[in-house]
Amino acid sequence: SVYWRYDPTAAAPSDGDDATCPDGTWEMLQSYLFEALHTSLGNAHHKLAATVPLDDGFALLTAMISRLEPQGSNAAATVEADMKTCKYEDGEDIHDHLDTLLSLVVKHDRVSAVPYDESRQRNLVLGSLPPSWAAAVATWETSGKALSVLLTEIRAFTQSTAYGLV
């Protein structure tokens, strides 16, 4: 079974979730996607399709997307500027905010030679939260928890009693 991801270039699909797709269906989708992308590339860009395994639509899509994005320090600086301006406002959907931040991290890693490590990602996420969350942010900063655990706690915070008090 294959896990459906929000961002198709975030990582290769993997097993183990409720949002899974049977392997046979996934392989069929991969094949259809590969054919459609290969056809859209035409003869002018057939070498790009030759760089990925036959019928691997995910790999071809990833290669095509990475070619569309500018690379280098200017592109990374643009993404980093977007990261700095991405701030959460009370009342917004925290899930959308965190998904946007994590998508920017993935985009940064595609265009930059220096990927965002987990520590920088934690700082980015915590720095994007509003001043009214200062007590919770201070607790999370000193907790040393893994990013995945931290994200789960932040997503749950808006449903907590403590959030109602801020």
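Refer to the structure printed above.
Residue numbers run consecutively from 1 along every chain, following the written order of its sequence. Only residues with pLDDT of at least 70 get local features here, since the model is predicted, and only at 80 or more are side-chain atom pairs given and counted; chain-wide, interface and lining totals rely on the full set of residues. Neither water nor hydrogens contribute to the side-chain values; these are computed over all heavy atoms in the structure.

Q: Just checking my understanding: could you explain the side chain of Arg122 for this structure?
A: Each helix corresponds to a stretch of at least 4 residues labelled H or I by DSSP, and each strand to a stretch of at least 2 residues labelled E; elements are numbered beginning at the N terminus. Within the secondary structure layout, Arg122 lies in helix H6 (residues 118–127). Two N or O atoms form a polar contact when they lie within 3.5 Å of each other; inside protein one atom must be a possible hydrogen donor and the other a possible acceptor, and for residues adjacent in sequence the pair counts only when both atoms belong to side chains. Among the polar contacts listed, one links the side chain of Arg122 to the backbone oxygen of Lys145, at a separation of 2.9 Å. Residues count as neighbours in contact if any of their non-hydrogen atoms are within 4.5 Å of one another. When near neighbours in sequence (up to four residues on either side) are disregarded, Arg122 contacts Trp140, Glu141, Ser143, Gly144, Lys145, Leu147 and Leu150.

Q: Looking at this model, I keep getting lost on the packing of aromatic side chains. Mind explaining?
A: Aromatic rings in a pair are described by how distant their centres are and how their planes are angled relative to each other. In this scheme Phe, Tyr and Trp rings, the latter by its six-membered ring, pair at centre separations within 6.5 Å, and the angle between planes marks the pair as stacked below 30 degrees, edge-to-face above 60, and tilted otherwise. Under the criterion given, the structure shown has four aromatic pairs. Relative to Trp133, the ring of Tyr88 lies with its centre 5.4 Å away and its plane at 65°, an arrangement referred to as edge-to-face. Separated by 45 residues along the polypeptide, Tyr88 in the loop between helix H4 (73–85) and helix H5 (94–111) and Trp133 in the loop between H6 and helix H7 (134–143) bring together distant segments of the chain. Accessibility classification places Tyr88 together with Trp133 in one group, the buried group. Each residue gets one of three labels from its accessible area relative to the maximum for its type: buried under 20%, exposed over 50%, partly exposed in between, using a 1.4 Å probe on protein chains only.

Q: When you look at H7 in this model, what are you seeing that I'm missing?
A: Two residues of an α-helix separated by three or four positions point the same way, owing to the 3.6 residues in each turn. Residues of H7 that are buried include every one of Ala136, Val137 and Trp140, and no others. For H7, the arc enclosing every buried residue in end-on projection is 100°, short of the 170-degree limit, so these residues lie on one face. Opposite the buried face of H7, at more than 90 degrees from it, the exposed residues are Ala135, Thr139 and Thr142. Tucked into the core, H7 has its buried residues touching H6 and helix H8 (147–157). Looking one or two residues past H7, Gly144 carries a phi angle of roughly 70°, positive in sign. What the arc describes is the spread of directions from the helix axis to the C-beta atoms.

Q: Can you help me understand the side chain of His97 in this one?
A: Tracing the backbone shows His97 in helix H5. Non-local contacts of His97, meaning those with residues more than four positions away in its chain, are made with Cys86, Lys87, Tyr88 and Ser128.

Q: What is the right way to look at the nonpolar core in this model?
A: Taken as a class, soluble globular proteins show a tendency for nonpolar side chains to be buried jointly. The term nonpolar core refers to a set of buried residues drawn from Ala, Val, Leu, Ile, Met, Phe, Trp, Tyr and Cys, joined through side-chain atoms within 4.5 Å. Residues Met83, Ile94, Leu126, Leu129, Trp133, Trp140 and Ile154 are the most contacted members of the largest nonpolar core, which totals 26 residues. Elements represented by at least two residues in this core include exactly H4, H5, H6, H7 and H8. With residues near it in sequence (within four places) discarded, Leu129 still touches Tyr88, Ile94, Val137, Trp140 and Ile154.

Q: For this particular structure, what's the right way to read the packing of H5 against H8?
A: Between two packed helices, what matters for the description is the angle formed by their axes and the separation of those axes. In this analysis an axis means a line fitted to C-alpha atoms, helices contributing only their contacting stretch, and an angle means the value between N-to-C directions, from 0 to 180 degrees. Direction vectors running N to C along H5 and H8 enclose 150°, while the axes themselves pass 9 Å from each other. On the basis of the axis angle, H5 is roughly antiparallel to H8. Here Ile94, His95, Leu98, Asp99 and Leu102 of H5 come into contact with H8, specifically with Leu151, Ile154 and Arg155. Of the residues that constitute the contact of H5 with H8, the class distribution is five nonpolar, one polar and two charged. For this classification, under 35 degrees means roughly parallel, over 145 means roughly antiparallel, 65 to 115 means roughly perpendicular, and everything else is oblique. In the scheme used here, Gly and all other residues not listed as nonpolar or charged are polar, with Ala, Val, Leu, Ile, Met, Phe, Trp, Tyr, Cys and Pro taken as nonpolar and Asp, Glu, Lys and Arg as charged.

Q: Sorry if this is basic, but what is going on with the pattern of salt bridges here?
A: Opposite charge on two side chains permits pairing when their charged atoms draw close. A side-chain nitrogen of Lys or Arg and a carboxyl oxygen of Asp or Glu constitute a salt bridge if their distance falls within 4 Å. A full pass over the atoms with the stated rule returns two salt bridges. In this structure, Arg155 and Asp99 form a salt bridge, with 3.3 Å as the shortest nitrogen-oxygen distance. Taken together, the residues span a long stretch of sequence, with Arg155 in helix H8 and Asp99 in helix H5 at a distance of 56 residues. We note a salt bridge from Glu153 to Lys145, for which the minimum N-O separation is 2.5 Å. On the basis of relative accessibility, which here comes to 25%, the residue Glu153 falls in the partly exposed class.

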